[in-house]
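# Chains, contacts and geometry: an overview
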Amino acid sequence: MITRASSFLILLFSLAFVNVSEAQVIDQVVAVVGKNIILQSDIENQYVQYRLQRGISGSASSIRCRILEDLLFQKLMLNQAELDSITVTPEQVEQEMERRLKYFISELGSQEKLEQYYNKTINEIKNELRVLVKDQMLVEQVQNGIMAKVIITPSEVKQYFRSIPKDSIPMINTEFEVAQVVKMPPIDIDEKLRVKERLHGFRQRILNGERFSTMAVLYSEDPGSARKGGELGFYGRGELYPEFEAVAFKLKDGEVSEIVETEAGFHIIQLIERRGDYVNVRHLLLTPKVSPESLMKARAELDSVARLIRAGELSFEQAVEKFSDQPAKLSSGLILNLYTGGTKFEASQLDPQVSFLVEKMSVGELSDPVPMKTEDGKDAFRLLKVTSKTEPHQANLKEDYNRIQDWALQQKKQKAIELWIRNKSKNAFVSIISEYRDCPFEFDWKSLHKTNSDQAN
């Protein structure tokens, strides 16, 4: 159920804006759960995009049945959210909606392409997405409440692993743990002054009547927002750089800030709209560049550090503590896997340049200084060391306990969701039209209210 639930949420909220006019659907109520209805168009919207995904199999009727059951799960949880008086604020919905729009736009390349793809204006898309996002946030709160108390014990982990047929135990690919010493060359004062002077000129042009959005498109070095005229969308407190946020929340509508310095560079900011503790702003970013001389100096410094490590005069951990410019000092320089939250990587999860290097390195081996880009796009150099490397193998409790524990916990959470659905569906009003009564549902929705089964027509 967790897999099914997460799949319908991903499908529903990443692909919810299909124009189904070509399908010529005559809309009707297909099912009712409590006070919530499911329309034929809800199913068709998802079906069209479902078919476009690779690796999707099944007949048209079986896919529509699967989509309907996913929607039944959702509506049942929405019904529970109403009963439990669970709410989300308009500001929370707006923020999440803007986050999703940013993702859609980045995937398609521009707002114009988004509008063209869905054959709708950005405001029409927002109006549809706003309702969908609110429903999803309520569903997530219900799901999180169900799963919050689910824990797994060591004995349950072992029991789960023993229950897997030997020929079905998954293979684990080669995994690496990689540590680094990072040297980030400083920005020259003259370069900072040059950038600030240029940004001051842009600000004066805006104050003299030129459009902020046009200037952002032409000159901003934030690629994500530049193509949208510098617009960031709604953000709440604690989600932006502190220096940026402190200024953004003090601006009046349309006001343009003085120059603001953050880790990303130098900004000017214009307030578009404020809603409570959320602001939507435009910004124009210029980022000072590291000089070639500073980069070569950083490389030379790391060369010296590498010689000390190889000569045994300095341990790698000491080098991290004394010379690394990144916060991974606290974990002996280990790189964090953003996919898993741990420190182990499959080759495909590593930066391609890092993957190319470490696949050829032995455990304990140290690289020469290699160029890198930091998370905020700055140039730097680093030394890499492979601290562990596993060979491909079948999962086992000794080497893969944490992974198996996660599998067992997910299965237990899935069962908790299933049990919740079985219990709640007994008391909820559920009505499905006759055309869908023969669906091979995972749950016996059809028997819940036989005497009312035609009321959704």
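Look up a bit, the structure's there.
Nothing here was measured: the structure is a model prediction, and the numbers come from that model. (Residues numbered from 1 in each chain as written. Predicted model: local features only at pLDDT ≥ 70, side-chain atom pairs only at ≥ 80, totals over all residues. Heavy atoms only, no water.)

### Brief notes about the overall build of the chain
Per the secondary structure count, the chain includes 15 helices and 13 strands. Here the contacts in the chain between residues at least 6 apart in sequence split such that 67% fall between residues at least 24 apart. Accessible area for the chain stands at about 24500 Å²; split by element, carbon and sulfur atoms hold 50% of it. (Helix = DSSP H or I, 4+ residues; strand = E, 2+ residues; numbered from the N terminus. Contact = heavy atoms within 4.5 Å. Areas by Shrake-Rupley, 256 points an atom, 1.4 Å probe, with all protein chains shown as cover.)

### Considerations on the sheet that holds strand β5 (residues 231-236)
Backbone-to-backbone hydrogen bonds pair the strands of a sheet. The strands run either parallel or antiparallel. Reading across the sheet, the 4 strands line up as β5-β8-β7-β6 and stay open at both edges, with antiparallel pairing between neighbours. The open sheet has two free edges, formed respectively by β5 and β6 (260-262), since each of these has just one partner strand. Adjacent strand axes in the sheet meet at a mean angle of 45°, parallel and antiparallel pairs treated alike. Pairing geometry for strand β7 (residues 265-275) and strand β8 (residues 278-286), over 9 bridges, is antiparallel. Considered in β8, the bridge of isoleucine 268 is made with leucine 284. Relative to the sheet, helix α8 (residues 189-207) contacts β6, β7 and β8, its axis offset from that of β7 by approximately 35°. (Pairing = 2+ DSSP bridges. Axes fitted to C-alpha atoms, helices over the stretch in contact; angles between N-to-C directions.)

### Comments concerning the layout of surface pockets
The space that makes up the largest pocket amounts to roughly 750 Å³. What lines the largest pocket is a set of 26 residues, among which Gln180, Gln326, Ile335, Leu336 and Glu375 lie closest to the centre. Every element with two or more residues in the lining of the largest pocket is listed here: α14 (352-358) and β10 (370-373). In terms of residue count, β10 provides more of the lining of the largest pocket than any other element does, 3 residues in total. In this structure, the second largest pocket spans a volume of roughly 640 Å³. Glu221, Asp222, Ala264, Leu285 and Asp376 are the residues nearest the centre of the second largest pocket, which is lined by 30 residues in total. Those elements that provide at least two residues to the lining of the second largest pocket are α4 (90-108), α10 (223-226), β5 and β8. Classifying every residue of the lining of the second largest pocket by side-chain character gives 10 nonpolar, 7 polar and 13 charged. (1 Å grid on protein atoms, 1.4 Å probe; cavity = no way out; pocket = protein on both sides within 12 Å on 5 of 7 lines; lining within 4 Å. Points joined across faces, edges and corners; volume = space filled by probe spheres on them. Nonpolar A, V, L, I, M, F, W, Y, C, P; charged D, E, K, R; others polar.)

### Description of the pairing of β7
Strand direction decides the pairing type here: β6 and β7, joined by 3 bridges, are antiparallel. Among the inter-strand pairings, valine 260 is bridged to a residue of β7, identified as histidine 267. Hairpin geometry of β6 and β7 is characterised by an intervening segment of 2 residues between the two adjacent antiparallel strands. From the end of β7 to the start of β8, which pair antiparallel, there are 2 residues, and glycine 276 there has a positive phi angle of about 60°.

### Here's the deal with the state of the cysteines
In the structure shown here, the tally under the stated rule is 1 disulfide. Shown here is the disulfide that connects cysteine 65 with cysteine 439, its sulfur atoms set 1.9 Å apart. Measuring the twist about the S-S bond at about -70°, one finds the cysteine 65-cysteine 439 disulfide to be left-handed. Pair noted here: cysteine 65 is in helix α3 (residues 60-83) and cysteine 439 is in the segment after β13 (430-432), with a separation of 374 residues, a long-range link. Side by side, cysteine 65 and cysteine 439 carry an identical accessibility label, which is buried. (Disulfide = S-S within 2.5 Å. Buried < 20%, exposed > 50% of the residue type's maximum accessible area, 1.4 Å probe, protein only.)

### Digging into the pairing of strand β1 (residues 29-33)
The side chains of a regular strand alternate between the sheet's two faces. Among the 5 residues in β1, 4 count as buried, and that is most of the element. Bridge analysis of β1 against strand β2 (residues 36-39) gives 4 bridges, and the strand direction is antiparallel. When the sheet's bridge partners are listed, alanine 31 is paired in β2 with isoleucine 38. Between β1 and the antiparallel strand that follows it, β2, lie 2 residues; glycine 34 among them carries a positive phi value of about 60°. Sheet topology note: the β1/β13 ladder contains 3 bridges and is antiparallel. Looking at the pairing, valine 33 lines up with valine 430 of β13.

### Quick word on the sheet that holds strand β4 (residues 175-183)
The 4 strands are arranged β9-β4-β11-β10 in an open sheet whose pairing can be described as antiparallel. Whereas interior strands pair on both sides, the edge strands pair on one side only; in this sheet they are β9 (345-346) and β10. Of the pairings in the sheet, the one linking β4 to β9 comprises 2 bridges and is antiparallel in character. Bridging across to β9, glutamate 175 finds its partner in glutamate 346. This element, helix α12 (residues 292-310), spans β4 and β11 (379-389) of the sheet and lies at about 30° to β11. Those strands touched by helix α13 (residues 316-323) are β4 and β11, and its axis lies near 40° from that of β4.

### So, the side chain of serine 367
Position of serine 367 among the secondary structure elements: in the loop between α14 and β10. Leaving out residues up to four positions away in the same chain, serine 367 has contacts with Arg310, Met361, Leu383 and Leu384.

### Describing unusual backbone geometry
Phi at serine 85 is positive, roughly 55°, even though this residue is not glycine. When you line up the elements, serine 85 lands in the loop between α3 and α4.

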